[in-house]
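Structural description and commentary
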Amino acid sequence: MSLFFYWFLVFFIYATIGWMLEMISTFLYTKKVTNRGFLMGPYCPIYGTAALLMIIFLGKYEHDLPVLFGMSFLLSTILEYITSYLMEKIFRARWWDYSDRTFNINGRVCLKNCFFFGILGILLLAYVHPFIRASLLYLCSDAPKYFYITATFCFTVFIIDLITSFKITIGLKRNLQNLKKDCTDEISKKVQETLAAGSKSIQRLFKAFPNMKPLKLNKKKKSHLF
């Protein structure tokens, strides 16, 4: 159980750090404070997942920075693409779209973001995680009571948030499916009108993903490379 909680806390810490990075980057771009992320709480699971994968599979490259950058670049590209694809299939909506950016693949990933994740991979494994790992191991061995209390609390909050946010998003999916338009722009406009009158939770979700676009319902959109 301690091993499970250790890895969960690793995931949770980096998901929270990722959320803060998203908040900062969004604020610098829009000058507005927006609660970024799929969930209600201050964490972005895709960052936590990426960090876990990097730590597990790329740890052996922590002293080979060029290789670490390349592997982090590749891993984050694959993860973001798969995440975008799965969320699109599950919720029938495109949650982010990089089609207007140079060197993108089907609007799901782009060179700028992948380069950013490559740099983060170096910072994570070479500098940040050694401190996080030592802190968690110290807490687990020297203060196990506080370790389990912290881990149990974070895990409970996260699971409740996950279930609640998923239910809200399923409700959003139904709103999208009820629109029988064939034009993405018209559907997006209608979604905004629908959510403006909806619950605060759904409004927060839509603000977190302002570029979210429902898929065309009657016409398949051809994928494109670059």
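A quick note: this is a predicted structure, and the numbers were derived from the prediction, not measured. (Residues numbered from 1 in each chain as written. Predicted model: local features only at pLDDT ≥ 70, side-chain atom pairs only at ≥ 80, totals over all residues. Heavy atoms only, no water.)

The subject of this paragraph is the overall build of the chain. Of regular secondary structure, the chain possesses seven helices and four strands. Reading the helices (α) and strands (β) of the chain from amino to carboxyl end gives α-α-α-β-β-β-α-α-α-α-β. The burial tally for the chain puts 41% of its 226 residues in the buried class. Counting contacts in the chain only where the partners sit at least 6 residues apart, residues at least 24 apart contribute 72% of the total. For the chain, the accessible area works out to roughly 13,200 Å², and carbon and sulfur atoms hold 67% of it. (Helix = DSSP H or I, 4+ residues; strand = E, 2+ residues; numbered from the N terminus. Buried < 20%, exposed > 50% of the residue type's maximum accessible area, 1.4 Å probe, protein only. Contact = heavy atoms within 4.5 Å. Areas by Shrake-Rupley, 256 points an atom, 1.4 Å probe, with all protein chains shown as cover.)

Moving on, we come to empty space enclosed by the protein. Counted according to the given criterion, the structure contains one cavity of 30 Å³ or more. Volume-wise, the largest cavity comes out at about 50 Å³. Lining the largest cavity, in full, are Ile46, Tyr47, Ala50, Ser76, Leu79, Glu80 and Phe117. Of all the secondary structure elements, the ones that give two or more residues to the lining of the largest cavity are helix H2 (45-58) and helix H3 (65-91). When its residues are assigned to classes, the lining of the largest cavity shows five nonpolar, one polar and one charged. (1 Å grid on protein atoms, 1.4 Å probe; cavity = no way out; pocket = protein on both sides within 12 Å on 5 of 7 lines; lining within 4 Å. Points joined across faces, edges and corners; volume = space filled by probe spheres on them. Nonpolar A, V, L, I, M, F, W, Y, C, P; charged D, E, K, R; others polar.)

What follows deals with the packing of aromatic side chains. Counting across every chain of the model gives 16 aromatic pairs. With a centroid separation of 6.0 Å and 65° between ring planes, the pair formed by Phe8 and Phe158 is classed as edge-to-face. Taken together, the residues span a long stretch of sequence, with Phe8 in helix H1 (residues 2-30) and Phe158 in helix H5 (residues 144-177) at a distance of 150 residues. Judged by relative accessible area, Phe8 falls into the buried class, the value being 8%. Seen in terms of ring centroids, Tyr47 and Phe117 are 5.4 Å apart; in terms of plane orientation they differ by 40°. Their pairing is tilted. In this pair, Tyr47 is assigned in helix H2 and Phe117 in helix H4 (residues 111-142), connecting sequence segments 70 residues apart. (Phe/Tyr/Trp six-rings, centres within 6.5 Å; stacked < 30°, edge-to-face > 60°.)

Axis angle and axis distance: for two packed helices, these are the angle between their axes and the distance between the axes, and together they describe the pair. Closest axis-to-axis distance for the H2/H3 pair is 10 Å, and the angle between their directions is 140°. Here H2 lies oblique to H3, going by the angle between them. Judged by the sense of rotation from one axis to the other, the crossing of H2 with H3 is right-handed. Across the interface between the two elements, Ile46, Thr49, Ala50, Leu53, Met54 and Leu58 of H2 pack against Leu68, Met71, Ser72, Leu75, Ser76, Leu79, Glu80 and Thr83 of H3. Looking at the contact of H2 with H3 residue by residue, the class counts come to nine nonpolar, four polar and one charged. (Axes fitted to C-alpha atoms, helices over the stretch in contact; angles between N-to-C directions. Parallel < 35°, antiparallel > 145°, perpendicular 65-115°, else oblique. Left-handed = near helix turned anticlockwise from the far one by under 90°.)

Further remarks concern the side chain of Asn106. Tracing the sequence through the fold places Asn106 in the loop between strand E2 (104-105) and strand E3 (109-110). Since its relative accessible area comes to 14%, Asn106 is described here as buried. There is a polar contact of 2.7 Å between the side chain of Asn106 and the side chain of Tyr81. (Polar contact = N/O pair within 3.5 Å; in protein donor to acceptor, adjacent residues only side chain to side chain.)

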